[in-house]
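Structural description and commentary
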Amino acid sequence: MDKREKVLERYAARVYKNRKEHLVQIEEGEHPSIAANTRAIPGVMTARGCCYAGCKGVVVGPLKDVCVITHGPIGCGFYSWGTRRNKAKPAEEGGKNFVPYCFSTDMQEPDIVFGGEKKLELAVAEAVEIFAPSCIMICSTCPIGLIGDDVQAVARRAEAKYGIKAIGYSCEGYKGVSQSAGHHIANNGLMRYVIGTGDTAPKTKYSVNILGEYNIGGDGWEEERILKRCGVEVISIFTGDGSVEAIQNAHLAHLNLVMCHRSINYIAEMMKTKYGIDWLKVNFVGVGATCQSLREMAAYFGDEALKARVEAVVADELAAISGDIEYYRSKLTGKVAGIFSGGSRSHHYQALLRDFGVRTVVAGYEFAHRDDYEGRDIIPSIKEDADNKNIETIAVQPDETHYRERYSPEELCGLKEHIELDNYEGMMPDMSAGDVVVDDYNHFETDALLKSVKPDMFFSGIKDKYSIQKAGFTSRQIHSYDYSGPYAGFNGAVNFGRDVTMTLYTNAWGLVVPPWKSAPMLVGTIGGE
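Structure report, in brief. (Residues numbered from 1 in each chain as written. Predicted model: local features only at pLDDT ≥ 70, side-chain atom pairs only at ≥ 80, totals over all residues. Heavy atoms only, no water.)

1. A closer look at the overall build of the chain
- Across its full length, the chain carries 21 helices and 14 strands.
- Scaling as 2.2 N^0.38, a compact globule of 529 residues should have a C-alpha radius of gyration of about 24 Å, and the chain matches this with 24 Å.
- The dimensions of the chain, computed from C-alpha atoms along their principal axes, are 80 × 65 × 45 Å.
- Taking all 529 residues of the chain together, the buried fraction comes to 57%.
- For the chain, the proportion of contacts with a sequence separation of at least 24, taken over those separated by at least 6, is 76%. (Helix = DSSP H or I, 4+ residues; strand = E, 2+ residues; numbered from the N terminus. Rg over C-alpha atoms; globule rule 2.2 N^0.38 Å. Buried < 20%, exposed > 50% of the residue type's maximum accessible area, 1.4 Å probe, protein only. Contact = heavy atoms within 4.5 Å.)

Okay, here's the thing in structure tokens:
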């Protein structure tokens, strides 16, 4: 019996029928189809978040010059505040950074009964009076959609009254099937109201936007440092340490670099259609992956001087970290790992683990779509269900003023033979026969795979990290790095190797026998005894 069947055999028939297509095992020479982006089974302990978490918690929350007001109960705002470690600093001394704050209307029962628009308007007025932001964004939660508060209308009135940019997002938690719906809604808002509203042109010959980088633990700063060394200007980062001030000029960049495909591919595609900006799928997580991404970027621009500069930077960076990398590789080579995450991290971190001689044998996503697993070629065959059809898809047209094509269609075809331009091949092609891939993983499947695969280390989110540790397995939180980082780029790889080695060789939970394994925790008697 294979690893997949060992997990599925414990399910009741109805659950088995649903989950069998979400859990696949890769066979030699082929990559199976997987079910994804469908509603989770009620009652199953999924690790997913909601639509609001995707919009506010992931995409717009890290914008440092925006007051993002959660219109809903305080618990929703608190849930999305300060949990992802999106580091940010003011663009200049004395500049504003609202990321450390939690803004909420704190809706109470009377507000739900009688409506909350007036309370929201008072919250906007208070934010303007105290913080004087240049932009306010309003993110609605489940009760708001149920009672019908019009956050877009409130945003329009705020713009007229205060002369600032204000954007309302109807991102109620129940929309779609996961936080992925919130990513799409946030992308639509940024495309409609922010991108293309600025006119500050790039200062250098080659400039990029980094899309789907949320600066967890300082990742974005490390990526920007490397790109600047190569002579490439970073116009904006979507959205870690990002700002509306910078993103409004994103349409003037020469190339988009896409890190997290799932959360930001909508903007990449819309900017390609509207402004003619190509996008390149990159991965700055891992030494080899970072080198490859830098070289593909240089190949896109086709400048021999830039290619030479990239090679010089790569050589210098590798020389600086080679001793540390070799040491940690000596400690980790031959180990096996499992990864369950959101976004593209389950794919990205396999490259970093390979740098240290670690093989990933089980991987999965919380909220991926099929193209994140199988590649974008299968998009035309994906059938949308009712849950996904209620998320608006924006139709954009080429911009008469700013649309420009760097290459002809024939030249683009030639480039695509060598670099992953305007495309993403997915996670599965990078995995091996026998490896298990799980979509919308849950607590039971995590436990079952731990017992079956017995990995040396496991990377996941905060919801399951501690249960994995208590089962005796080395576990690190890959969503916010257990208060460490950065993990991206060359220096980030050293940080990651240090943290994983430290955790693996001081795994206290692996040395402890839980009391319930040696003695019964509950003692009872049968009636009458």
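2. Quick notes on the nonpolar core
- Ranked by internal contacts, the top residues of the largest apolar core, which has 97 residues, are Met-137, Tyr-169, Leu-227, Leu-294, Met-297 and Phe-496.
- In this structure, Tyr-169 is in contact with Cys-55, Val-60, Met-137, Ile-138, Cys-139, Ser-140, Val-151, Gln-152, Ile-185, Ala-186, Gly-189 and Leu-190, ignoring residues within four places of it in sequence. (Core = buried A, V, L, I, M, F, W, Y, C linked by side-chain atoms within 4.5 Å.)

3. Things to note about the pairing of strand β4 (residues 135–140)
- Of all six residues that make up β4, six are buried, and the element is covered over most of its length.
- The side-chain alternation of β4 yields two buried faces, one formed by Cys-135, Met-137 and Cys-139 and the other by Ile-136, Ile-138 and Ser-140.
- As defined by bridge partners, strand β2 (residues 66–71) adjoins β4 across six bridges and the pair is classed as parallel. For His-71, the partnering residue across the bridge sits in β4 and is Ser-140.
- Of the pairings in the sheet, the one linking β4 to strand β5 (residues 165–169) comprises five bridges and is parallel in character. Residue Met-137 lies in a different strand from β5, and its bridge partner there is Ile-167. (Pairing = 2+ DSSP bridges.)

4. Describing the environment of Cys-171
- Note that Cys-171 resides in the loop between β5 and α9 (179–193).
- Residue classification places Cys-171 among the buried positions, given a relative accessible area of 0%.
- Between the C-alpha atom of Cys-171 and that of Cys-102, which follows or precedes it by 69 residues, the distance is 17 Å.
- Ignoring any residue separated from it by four or fewer positions in sequence, one finds Cys-171 in contact with Cys-51, Tyr-52, Cys-55, Cys-139, Ser-140 and Ile-185.

5. Remarks on helix α15 (residues 345–355)
- Of all the eleven residues making up α15, ten are buried; the element is thus mostly covered by neighbouring parts of the structure.
- Along α15, the positions that sit buried rather than exposed are Arg-345, Ser-346, His-347, His-348, Tyr-349, Gln-350, Ala-351, Leu-352, Leu-353 and Asp-355.
- Looking at the residues trailing α15, positive phi occurs at Gly-357, about 80°.

6. Some words on the sheet that holds strand β11 (residues 359–365)
- The strand order across the open sheet formed by six strands is β1-β12-β11-β10-β13-β14, and the pairing between neighbours is mixed. The open sheet has two free edges, formed respectively by β1 (23–25) and β14 (474–477), since each of these has just one partner strand. Along the sheet, successive strands turn relative to each other by an average axial angle of 15°, direction set aside.
- In the sheet, strand β13 (residues 457–460) pairs with β14 via four bridges, with the strands oriented parallel. Directly across from Phe-458, in β14, lies its bridge partner Ser-475.
- Contacts between α15 and the sheet are confined to β10 (336–341), β11 and β13, with β10 contributing the most and set at about 155° to the helix. (Axes fitted to C-alpha atoms, helices over the stretch in contact; angles between N-to-C directions.)

7. A closer look at the pattern of salt bridges
- Taken as a whole and judged by the stated rule, the model has 30 salt bridges.
- A salt bridge links Arg-225 to Glu-222, with the nearest nitrogen and oxygen atoms 2.8 Å apart. Taken together, the residues Arg-225 and Glu-222, both in helix α10 (residues 219–229) and three residues apart, mark about one turn of the helix.
- Given the relative accessible area of 29%, Arg-225 is considered partly exposed.
- A salt bridge links Asp-372 to Arg-262; the shortest N-O distance between them is 2.7 Å. With Asp-372 in helix α16 (residues 370–374) and Arg-262 in helix α12 (residues 261–275), the pair connects residues that are 110 residues apart, well separated along the chain. For the pair formed by Asp-372 and Arg-262, the shared burial category is buried.
- Among the ionic contacts, a cluster of salt bridges with common partners joins Glu-222, Arg-225, Arg-229, Asp-316 and Glu-317. (Salt bridge = Lys/Arg side-chain N within 4 Å of Asp/Glu carboxyl O.)

8. Quick notes on the sheet that holds strand β8 (residues 255–258)
- On the basis of which strands lie adjacent, the open sheet formed by four strands has the order β7-β6-β8-β9 and parallel pairing. For this open sheet the edge positions go to β7 (233–239) and β9 (279–281), each flanked by a neighbour on one side alone. Neighbour-to-neighbour, the strand axes of the sheet open up by a mean angle of 25°, direction not taken into account.
- Alignment of strand β6 (residues 207–213) against β8, held across four bridges, turns out to be parallel. Following the sheet pairing, Asn-209 is matched in β8 by Asn-256.

9. Observations concerning the packing of helix α3 (residues 51–60) against α9
- Between α3 and α9, whose axes approach to 6 Å, the crossing angle comes to 55°. Regarding the angle of α3 to α9, the classification is oblique. The way α3 lies across α9 gives a crossing that is right-handed. On α9, the residues that touch Cys-51, Ala-53, Gly-54, Cys-55, Val-58, Val-59 and Val-60 of α3 are Gln-179, Ala-181, Gly-182, His-183, Ile-185, Ala-186, Asn-187 and Leu-190.
- Class assignment for the residues of the contact of α3 with α9 results in ten nonpolar, five polar and no charged. (Parallel < 35°, antiparallel > 145°, perpendicular 65-115°, else oblique. Left-handed = near helix turned anticlockwise from the far one by under 90°. Nonpolar A, V, L, I, M, F, W, Y, C, P; charged D, E, K, R; others polar.)

10. Here we look at the pairing of β10
- Within β10, five of the six residues are buried, which leaves it mostly tucked inside the rest of the structure.
- Both β10 and β11 contribute to a ladder of six bridges, which runs parallel. Bridge pairing links Ser-341 to Tyr-365 in β11.
- Between β10 and its parallel partner β11, the chain crosses via α15, and the hand of that crossover is right-handed. (Right-handed = clockwise from strand over helix to strand, strands pointing away.)

11. A look at unusual backbone geometry
- Note the cis peptide between Phe-238 and Thr-239, where omega equals 0°.
- With respect to the helices and strands, Thr-239 occurs in strand β7.

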